[in-house]
Structure formats: C-alpha cells, structure tokens
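The chain contents come next:
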Amino acid sequence: MSVTDVRKDTENLTLTVTAEYDVTADRAWQLWADPRQLERWWGPPTYPATVVEHDLTTGGHVSYYMTGPEGDKPHGWWKVRSAEPPRRLEFEDGFADDTGAPNPDMPTMVMRVEITDRPGGVAMTIATRFPSAEAMEQLVGMGMEEGLREAMGQIDGILADARVS
C-alpha cells in the first residue's frame, strides 16, 4: 500500500491522507480525470464506485454511487471548486439520495487534492475539511478514514495495469 501518512486534526477539522506513487503528475492526474479509472479506486474495495456524471473542470459536477456488499447503493456528488491539472483539485463532497440530489440531512465537506513531485514520482495528498466537529465525528465514525485509506491503497494496482498506462 502506498499510503504513507494519515493525520486527523480535530482542532482544525481536517483529515489528511498522503500516498506516494512512482509515476508522473500527469499520470497521477488521470486517476481523477478519467472516470473509468476513478471508478476503480474511489471507494473501498467492498464499495466500488460507478461514476454517472463526470465534469472535472472548475464549476463542474461529478455524481456517483457505490455498491455495497449487500447491494446497497449510497450516492454522492462533487461540486468542483477548482481544477488545475495536473497538480490541484478542490471540490465540495456530499451525500445524495437515490436520484442523485444532495441529501440535506448529511454534512458536506471540502476536499483538496495536491499532487507534488518527489524523487522517483509524486506524492498525492487529499485533505478533507469538515464543517464542524460534529460532522467530522459523524463521518469518521461512519468509516471515512479507513475507507479513504483502503481506496487510495487500490491505486498501485491501477498504475501497474498496462491497459490504463
């Protein structure tokens, strides 16, 4: 697994996960920019994603659902705040109902992705900012920390797969 650091900062309401990959920034960006690649890792192995809508440009929208082991299908959405290929991405991330409409009963968070060079490849950092301590506790309690760690742990297999290189 390429995850090198996980930091939960309750004072600043952030959860930050960093992973390192032996690829270029352009290749790492494709993990986000190509919806078929995103499907292969956005979600833990037991909850694979299906991307329904994918516009990864500033002001764009991404919608998806995950399929759980019992057949449940939690839906989610992103509102892209900024996209600066191949280095930065920031989006609002939220839960949705079965039609894909935002679920107002669940908190939203802001995720910032940074892809930086390091010797032999890149580091990818995903920093999540929660709107409140209660929201952070709720979402971490639902398994977000472990789910993100497991999701990012699937990326090595995608990068090693010649059909997406």
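Residues numbered from 1 in each chain as written. Predicted model: local features only at pLDDT ≥ 70, side-chain atom pairs only at ≥ 80, totals over all residues. Heavy atoms only, no water.

Colleague: Please set out the layout of surface pockets residue by residue, giving values where relevant.
Modeller: The calculated volume of the largest pocket comes to roughly 570 Å³. If you go around the largest pocket, you meet 21 residues; those closest to its centre are P44, Y64, M66, F95 and M144. Residue assignment for the lining of the largest pocket shows that the elements contributing at least two residues are β4 (61–66), β5 (75–84), β6 (88–96), β7 (109–118) and α4 (144–153). Counting residues per element, the lining of the largest pocket draws most heavily on α4, at 4 residues. Classifying every residue of the lining of the largest pocket gives 14 nonpolar, 6 polar and 1 charged. Empty space within the second largest pocket amounts to approximately 170 Å³. Forming the walls of the second largest pocket are T14, E90, V110, M111, R112, E114, T125, A127, T128 and R129. Mapped onto the lining of the second largest pocket, the elements with two or more residues apiece are β7 and β8 (121–129). (1 Å grid on protein atoms, 1.4 Å probe; cavity = no way out; pocket = protein on both sides within 12 Å on 5 of 7 lines; lining within 4 Å. Points joined across faces, edges and corners; volume = space filled by probe spheres on them. Helix = DSSP H or I, 4+ residues; strand = E, 2+ residues; numbered from the N terminus. Nonpolar A, V, L, I, M, F, W, Y, C, P; charged D, E, K, R; others polar.)

Colleague: Mind laying out the packing of aromatic side chains, listing which residues take part and the relevant values?
Modeller: Applying the stated criterion to the full structure yields 10 aromatic pairs. Plain terms: the ring middles of W32 and F91 are 6.1 Å apart, the flat faces sit at 55° to each other, and that makes the pair tilted. Pair noted here: W32 is in helix α1 (residues 25–33) and F91 is in strand β6, with a separation of 59 residues, a long-range link. The exposure class assigned to W32 is buried, which follows from its relative accessible area of 0%. With 6.3 Å between their ring centres and 65° between their planes, Y64 and W78 make a pair best called edge-to-face. (Phe/Tyr/Trp six-rings, centres within 6.5 Å; stacked < 30°, edge-to-face > 60°. Buried < 20%, exposed > 50% of the residue type's maximum accessible area, 1.4 Å probe, protein only.)

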